[in-house]
Amino acid sequence: MRALVVHAHPVPESFNSAVNRLVCATLETKGHEVRSIDLYREGFTPAMSFGERRAYHEAGQNIAPVRAHLEHLAWCNALIFVYPTWWYSQPAMLKGWLDRVFVPHVTFKMPEGKTPLQPRLQHIGCIGGISTYGAPWLLTRWVGDPGRRVIMRGLKMLVHRRALTFWAAHYNMDSSTPESRLAFMTKVKRKLEALPLNVPTEPLRMQLD
């Protein structure tokens, strides 16, 4: 499995960053190929510029600003997110990555008439999220857990129809204990160790040239 791990937390000594390191190390130990994108460390710009938005629907032109990230998407067949849930959703840094990188004509084909949106990421056969939440489970569920829905429903529409999915959440992070954090790390490691070396995939349909 070729796993692209996308991490979004600004503090390198945070628990979330430790989880990200665990994710990458566990996948590599199990024999998977891993590429890691640390959005804060690389200084990714999450805000879409005026020019970028104007060219958003223009095939070819919309690739240039995020070509390197699209090449990572073309390489992987598993996409894993590690991030803190802030205000029930992704941090602005990660939301901006989704806004800018998942461009039409490349990651999906725009709807035309009665023809619905067509996915272009069927080569990705695994999608997962690992997140820390300040809020408790019940409140998160009452709000609707929009961040999880973005990944597990929105992005899942673009990948292989039989893609493997997984989610791991540490709730009540603001009142966490060493025991709860250790239990979560153990849970994450077990989920990753259970992933198969091969996942459902189809030939690459993304076109970057």
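Located above this text is the structure these notes cover.
K.L.:
Sorry, what's going on with the sheet that holds strand 7 (residues 164–170) here?
P.N.:
Sheet strands line up and pair through hydrogen bonds in the backbone, either parallel or antiparallel. Here 5 strands make up an open sheet; going across it, the order is 2-1-3-6-7 and the pairing parallel. Looking along the sheet, the strands with just one partner apiece sit at the ends: strand 2 (33–38) and strand 7. Direction aside, the axes of adjacent strands within the sheet are offset by 15 degrees on average. Relative to strand 2, strand 1 (residues 2–7) runs parallel, the two sharing 6 bridges. Bridge pairing links His7 to Asp38 in strand 2. Each of strand 1, strand 2 and strand 3 (78–85) is contacted by helix 4 (residues 67–75), which is oriented at about 155 degrees to strand 2, the strand it contacts most.

K.L.:
Where do I start with the nonpolar core in this structure?
P.N.:
Within soluble globular proteins, side chains that are nonpolar generally end up buried alongside one another. In this structure, Leu39, Leu70, Leu73, Phe81, Trp97 and Phe102 are the most contacted members of the largest nonpolar core, which totals 41 residues. Listing elements by their share of this core, those giving two or more residues are strand 1, helix 4, strand 3, helix 5 (92–101), strand 6 (126–133), helix 7 (146–154) and strand 7. In terms of residue count, the dominant contributor to this core is helix 5 (5 residues). When neighbours within four sequence positions are excluded, Leu39 is seen to be in contact with Val6, His7, Ala8, Phe44, His69, Met93, Leu94 and Trp97. Counting residues in hydrophobic clusters, the runner-up holds 24 residues, among them Met1, Val19, Phe166 and Met173.

K.L.:
What exactly am I supposed to notice about the packing of aromatic side chains here?
P.N.:
In this description, a pair of aromatic rings is defined by centroid distance and the angle of the planes. In total, this model carries 6 aromatic pairs according to the counting rule given. Between Tyr133 and Tyr171, the ring centres sit 4.7 Å apart and the planes meet at 40 degrees, which makes this aromatic pair tilted. Highlighted residues: Tyr133 in strand 6 and Tyr171 in the loop between strand 7 and helix 8 (178–193), separated in sequence by 38 residues. Here a set of aromatic residues connected by ring pairs shows up, and it is made of Phe81, Trp97 and Phe102.

The rules behind these values
Every chain begins its residue count from 1, and numbering advances along the sequence as written. Given that this is a predicted model, residues contribute local features only at a pLDDT of at least 70 and side-chain atom pairs are listed and counted only at 80 or more, while totals for whole chains, interfaces and linings are drawn from all residues. Excluded from the side-chain calculation are hydrogens and water; included are all heavy atoms of the structure. Should DSSP find at least two bridges between two strands, the strands are regarded as paired. Each helix is a run of H or I in the DSSP string that is no shorter than four residues. Each strand is a run of E no shorter than two, and both are numbered from the N terminus. In this description, a line fitted to the C-alpha atoms serves as the axis of each element, helices being fitted only across the stretch in contact, and the angle between N-to-C directions of two axes falls anywhere from 0 to 180 degrees. In what follows, residue pairs with any heavy atoms lying within 4.5 Å of each other are defined as contacts. Side-chain atoms within 4.5 Å link the members of a nonpolar core, which is a set of buried Ala, Val, Leu, Ile, Met, Phe, Trp, Tyr and Cys residues. A 1.4 Å probe rolled over the protein chains alone gives each residue an accessible area, and that area as a share of the maximum for its type sets the label: buried under 20%, exposed over 50%, partly exposed in between. Within 6.5 Å between ring centres, the rings of Phe, Tyr and Trp (the latter by its six-membered ring) count as paired, and their orientation is classed by plane angle as stacked under 30 degrees, edge-to-face over 60, tilted in between.

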